[in-house]
Amino acid sequence: KNWNWLFTSTVGKRYMFNTLKVTGIYTVCHIAMVLIFGMLLALLYKKLTKPYSVMRAIIFMPRYIAMSTCGVIFLWMLNADYGIINVTLRKMGLQGVPWLEDRRMAMVSVLVLTGWHGVGYGMMIYLSAMLGISRDYFEVAELDGASGVQTFRYITLPLLSPTTLFLLVTGVIGSFQVFMNAYMMTGGGPDNATTMIGLLIYNNAFTYNKY
């Protein structure tokens with residue numbers, strides 16, 4: 001009966017395909033944030049000096065904060081009425097944004113939380129890989145007159161491809177397992193706009209008793 005409801009009924013198919021679409025959008029955006037911002041931050045804070053070490057620690061620190069705690073913090077920050085972001089916008093003469101009530105903004109809010117929590121991990125993985133690249137390649141490129149952009153394009157980026165693949169695979173696995181982000185921030189709403197596979201399973205089991 002449950003199988004028929006999920007794959008043959010109109011309501012079940014719409015519910016399932018919407019969840020797969022939302023999970024796919026979340027996965028693509030999450031991986032893009034980790035790969036792009038992680039690499040940019042690794043390039044920016046590559047120097048092994050104390051000020052750069054402090055900045056790397058600050059960026060990586062959210063990784064050690066429980067996602068439930070992060071969710072509570074962001075719920076307060078993004079509250080439409082008394083959240084610090086909307087209060088600041090109103091003081092600047094701008095209109096507040098319904099971060100968690102609007103379909104599109106709800107997904108953006110969940111992605112901002114996820115990016116803030118995980119981009120430091122991508123930065124550290126890329127940084128470790130960059131520091132492992134032999135300096136000989138860069139010295140030869142410099143002698144041949146290569147620019148910084150050319151050095152990055154033809155030396156750094158190709159040699160980071162195994163690291164990128166690692167982050168891509170683990171990112172996809174992590175994105176399909178995500179639960180706490182959406183559960184704490186939106187509960188899957190509004191109108192199932194942030195209901196992902198993990199939350200779908202949880203709701204069916206513990207909310208609707210469809211074990």
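Refer to the preceding data block for the structure.
Along each chain, numbering runs from 1 in the same order as the chain's sequence is written. This being a predicted model, a pLDDT of at least 70 is required before a residue's local features are given, and a value of 80 or more before pairs of side-chain atoms are given or counted; all residues contribute to the totals for chains, interfaces and linings. Note that the side-chain values use all heavy atoms of the structure and ignore hydrogens as well as water.

The next thing to look at is the overall build of the protein. A run of H or I in DSSP counts as a helix once it spans at least four residues, and a run of E counts as a strand once it spans at least two, with each numbered from the N terminus. When helices and strands are counted, the protein shows eleven helices and zero strands. For the protein, the N- to C-terminal ordering of α and β elements is α-α-α-α-α-α-α-α-α-α-α. Taking 2.2 N^0.38 as the reference for a compact globule, 211 residues should give roughly 17 Å; the C-alpha atoms of the protein span a radius of gyration of 21 Å, well beyond that estimate. Along the first, second and third principal axes, the C-alpha atoms of the protein reach 70 × 50 × 25 Å. For every residue, the accessible area (1.4 Å probe, protein chains only) is compared with the maximum for its type, and the residue is labelled buried under 20%, exposed over 50%, or partly exposed between those bounds. Expressed as a percentage of the 211 residues in the protein, the buried residues total 39%. The quantity called the radius of gyration is restricted to C-alpha atoms. Its globule counterpart is 2.2 Å times the number of residues to the power 0.38.

Turning to the nonpolar core, a few remarks are in order. Leu-41, Ala-42, Met-123, Tyr-126 and Leu-160 are the most contacted members of the largest nonpolar core, which has 19 residues in total. Of all elements in the fold, only α2 (10-44), α6 (103-131) and α7 (135-143) reach the threshold of two or more residues within this core. As used here, the term nonpolar core means buried Ala, Val, Leu, Ile, Met, Phe, Trp, Tyr and Cys residues forming a set that is joined through side-chain atoms within 4.5 Å. In this structure, Val-22, Trp-99, Leu-100 and Val-178 belong to the second largest nonpolar core, which totals 18 residues.

Before going further, it helps to spend a moment on the pattern of salt bridges. Salt bridges are counted wherever a side-chain nitrogen of Lys or Arg sits within 4 Å of a carboxyl oxygen of Asp or Glu. Per the counting criterion, the structure on display carries one salt bridge. Put simply, Arg-103 and Asp-191 hold a salt bridge, and the shortest N to O gap is 3.3 Å. Here Arg-103, found in helix α6, pairs with Asp-191, found in the loop between α10 (180-185) and α11 (197-207); they are 88 residues apart in sequence, far enough to count as distant. A residue is classified by how much of its surface remains accessible, and Asp-191, at 60% relative accessible area, is exposed.

Taken together, the buried positions of helix α4 (residues 67-77) are Met-67, Cys-70, Gly-71 and Phe-74. The buried residues of α4 occupy an angular sector of 100° when the element is viewed end-on, so they sit on one face. Note on contacts: a residue pair qualifies if any of its non-hydrogen atoms lie within 4.5 Å across the two residues. Turning to α4, the residues buried within the fold contact α6 and α10. This arc corresponds to the set of directions leading from the helix axis out to the C-beta atoms.

The subject of this paragraph is the packing of aromatic side chains. Here a pair means two rings of Phe, Tyr or Trp (six-membered ring of Trp) with centres within 6.5 Å. Their orientation is stacked below 30 degrees between planes, edge-to-face above 60, and tilted elsewhere. For the structure on display, the rule yields seven aromatic pairs. Measuring from centroid to centroid gives 5.3 Å for Phe-60 and Tyr-64, while their planes differ by 80°, and the two rings are edge-to-face. Judged by its relative accessible area of 18%, Phe-60 falls in the buried class. Among the residues examined, Tyr-64 registers a relative accessible area of 68% and is labelled exposed. Ring plane angle 20° and centroid distance 5.1 Å describe the contact between Phe-179 and Tyr-183, whose orientation is recorded as stacked. For Phe-179, a relative accessible area of 23% corresponds to the partly exposed category. Among the aromatic residues, ring-to-ring pairing joins Phe-179, Tyr-183, Tyr-202 and Phe-206 into one connected group. Positioned over the ring face of Phe-138 is Lys-46, at 5.4 Å from the centre of the ring. Of note, Arg-63 hangs over the ring of Tyr-121, and the distance from its end group to the ring centre comes to 4.4 Å. To sit over a ring, a charge needs its Lys NZ or Arg CZ within 6 Å of the ring centre and within 35 degrees of the ring normal.

The complete set of buried residues in α11 reads Gly-198, Leu-199, Leu-200, Asn-203, Asn-204 and Ala-205. Buried residues along α11 sit in contact with α1 (2-7), α2 and α10. Two residues or fewer after α11 comes Asn-209, characterised by a positive phi angle close to 60°.

A cis amide bond links Gly-189 with the next residue in sequence, Pro-190, at an omega value of -10°. Here Pro-190 is to be found in the loop between α10 and α11. Of note, the phi angle at Asp-191 is positive, near 55°, even though the residue is not glycine. Phi is positive for Asn-192, which is not a glycine, with a value near 60°. Among the structural elements, Asn-192 can be located in the loop between α10 and α11.

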